[in-house]
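Spelled out, the chains give:
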Amino acid sequence: MTQGMLFNTEEPPGRRDAPAQALAPGAWLFPGLVHARAPALLSAIGEVVRRAPLRHMTTPGGGRMSVGMSGCGARVWVSDAAGYRYETHDPRTGRPWPTMPALLRDIAGECAQKAGYDGFVPDSGLINRYGPGDRMGLHQDRDERCDAPIVSISLGVSAVFLWGGVTRSDPVRRIVVRNGDVVVWGGPSRLAWHGIAPVPQAQHPLCGDVRYNLTFRRTA
Ligand SMILES: O=C(O)CCC(=O)C(=O)O
Ligand SMILES: [Fe+2]
């Protein structure tokens, strides 16, 4: 696998050439693909959350999500007592979500292309912030009105990505995702079940004890 100029400048030995791993038809793990871009990605996250602060959303059932969330782009996923949906405005500030930084849009497009999905232009960039012990239960991403793929970037502390099949009862694999790893799923795997196991207490030089996840989608 060759990697474009965008990605391969500073990755440590052993990470640069880690091969892509097929998880399922249409689904790929790219170890370290954006490792060299982690500082730039984190500063783009900082830019977004200054204008749209991270917050703990509520599930329709009344539970508080452990993960802190924010986002950018035309629409961002929200959850509250009224349900799961995409909104054009941040309910917290009443303002439109911050514009997606070009760096994020471009990197998401490059990652999708690596998985064979050409022309992916996300209109939504979700930011998930996990502290020690925070998790995301197994779910499908099915609130989008579009079957474009999903590009998911891991930053900071390593975590275990839970990867099931398209059926709830399919076996669930546990895949370690590290700083700079990218998972892309679409096509026949677009509605695969997935989640994040409780994030361990650990330290990362760029993020302290935090894991960030950036998830790019087309919502319409
Ligand atoms: O944090 C992750 O890697 C997964 C996030 C996710 O599944 C989601 O935001 O829908
Ligand atoms: Fe998801």
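This structure is a prediction, so every number in the text was calculated from the model and none was measured.

Novice: Can you walk me through the site of ligand 1 in this structure?
Specialist: Taken together, L126, N128, M136, D141, S152, F161, H194, I196, N213 and T215 make up all the residues around ligand 1. When contributions to the shell around ligand 1 are tallied by element, the ones reaching two or more residues are β7 (124-130), β13 (194-196) and β14 (211-217).

Novice: Help me out: how do you make sense of the environment of H204 in this one?
Specialist: Within the fold, H204 resides in the loop between β13 and β14. Measuring from C-alpha to C-alpha, the distance between H204 and N179 comes to 8.6 Å, with 25 residues separating the pair along the chain. When near neighbours in sequence (up to four residues on either side) are disregarded, H204 contacts G156, V157 and N179.

Novice: For this particular structure, what's the right way to read the sheet that holds strand β9 (residues 150-156)?
Specialist: Within a sheet, neighbouring strands are paired by backbone hydrogen bonds and run either parallel or antiparallel to one another. Taken in spatial order, the 8 strands line up as β1-β2-β12-β9-β14-β7-β4-β3 in an open sheet, and their pairing is antiparallel. Unpaired on one side and paired on the other, β1 (21-24) and β3 (55-58) mark the two borders of the sheet. Ignoring which end each strand starts from, the neighbouring axes of this sheet average 30° apart. When β9 meets β14, the two strands line up antiparallel, connected through 6 bridges. Its bridge partner being in β14, S154 is matched across the sheet by N213. Each of β4 (64-73), β7, β9 and β14 is contacted by helix α1 (residues 38-51), which is oriented at about 100° to β9, the strand it contacts most.

Novice: Would you explain the pairing of β3 in this entry?
Specialist: Look at any regular strand and the pattern is simple: side chains alternate between the two faces of the sheet. In this sheet, β4 lies alongside β3 in antiparallel orientation, the contact comprising 3 bridges. Each residue of the ladder has a partner; that of H56, found in β4, is G68. A loop of 5 residues connects β3 with β4, the two strands running antiparallel in sequence, and G62 in this loop sits at a positive phi of about 100°.

Novice: What am I meant to see in the UniProt feature "domain: Fe2OG dioxygenase" (unreviewed entry) in the protein chain here?
Specialist: Mapped onto the present numbering, the UniProt feature "domain: Fe2OG dioxygenase" (unreviewed entry) falls at residues 121-220. Annotated as 0% helix and 42% strand, the span residues 121-220 places its first and last C-alpha atoms 11 Å apart.

Novice: When you look at the pairing of strand β5 (residues 76-80) in this model, what are you seeing that I'm missing?
Specialist: Bridge count for β5 against strand β6 (residues 83-87) is 5 bridges, and the pairing is antiparallel. Counted as the bridge partner of V76 is E87 from β6. Where β5 folds back on β6, the antiparallel hairpin that results is connected by 2 residues.

Novice: Before we go on, may I ask you to explain the confidence of the model for the protein chain in this structure?
Specialist: Detailed conclusions should not be drawn from predicted coordinates in areas where pLDDT is low. With 92% of its residues at a pLDDT of 70 or more, the protein chain has an overall mean of 93. Scored by ipTM, the complex comes to 0.99, with pTM at 0.93.

Novice: In this structure, what is going on with the sheet that holds strand β11 (residues 173-177)? I would like to understand it.
Specialist: Read across the sheet, 4 strands follow the order β8-β13-β10-β11 without closing on themselves; strand pairing throughout is antiparallel. Taken across any chain shown, the strands that pair with only one partner, and hence form the sheet edges, are β8 (136-139) and β11. For this sheet, the mean angle separating the axes of adjacent strands, direction not counted, is 20°.

The rules behind the values
Along every chain, residues carry numbers that run from 1 in the direction the sequence is written. Here chains are named by letter from A upward and ligands by number from 1 upward, in the order in which they appear as written. Thresholds applied to this predicted model are a pLDDT of at least 70 for local features of residues and 80 or more for the giving and counting of side-chain atom pairs; totals over whole chains, interfaces and linings are not thresholded and use all residues. Using the backbone to place each C-beta atom, any residue with that atom within 6 Å of a molecule or strand is considered near it. Numbering of helices and strands runs from the N terminus; a helix is a DSSP stretch of H or I covering at least four residues, while a strand is a stretch of E covering at least two. Note on contacts: each residue gets a C-beta atom placed from the backbone, and two residues are in contact if those atoms are within 7 Å. When DSSP finds two or more bridges between two strands, those strands count as paired. To obtain each axis, a line is fitted to C-alpha atoms, and for helices this fit is confined to the stretch in contact; angles are then taken between N-to-C directions over 0 to 180 degrees. UniProt positions are given in the numbering used here, feature names are shortened, and annotations may be inferred rather than shown by experiment. Per-residue confidence from the predictor is given as pLDDT, running between 0 and 100.

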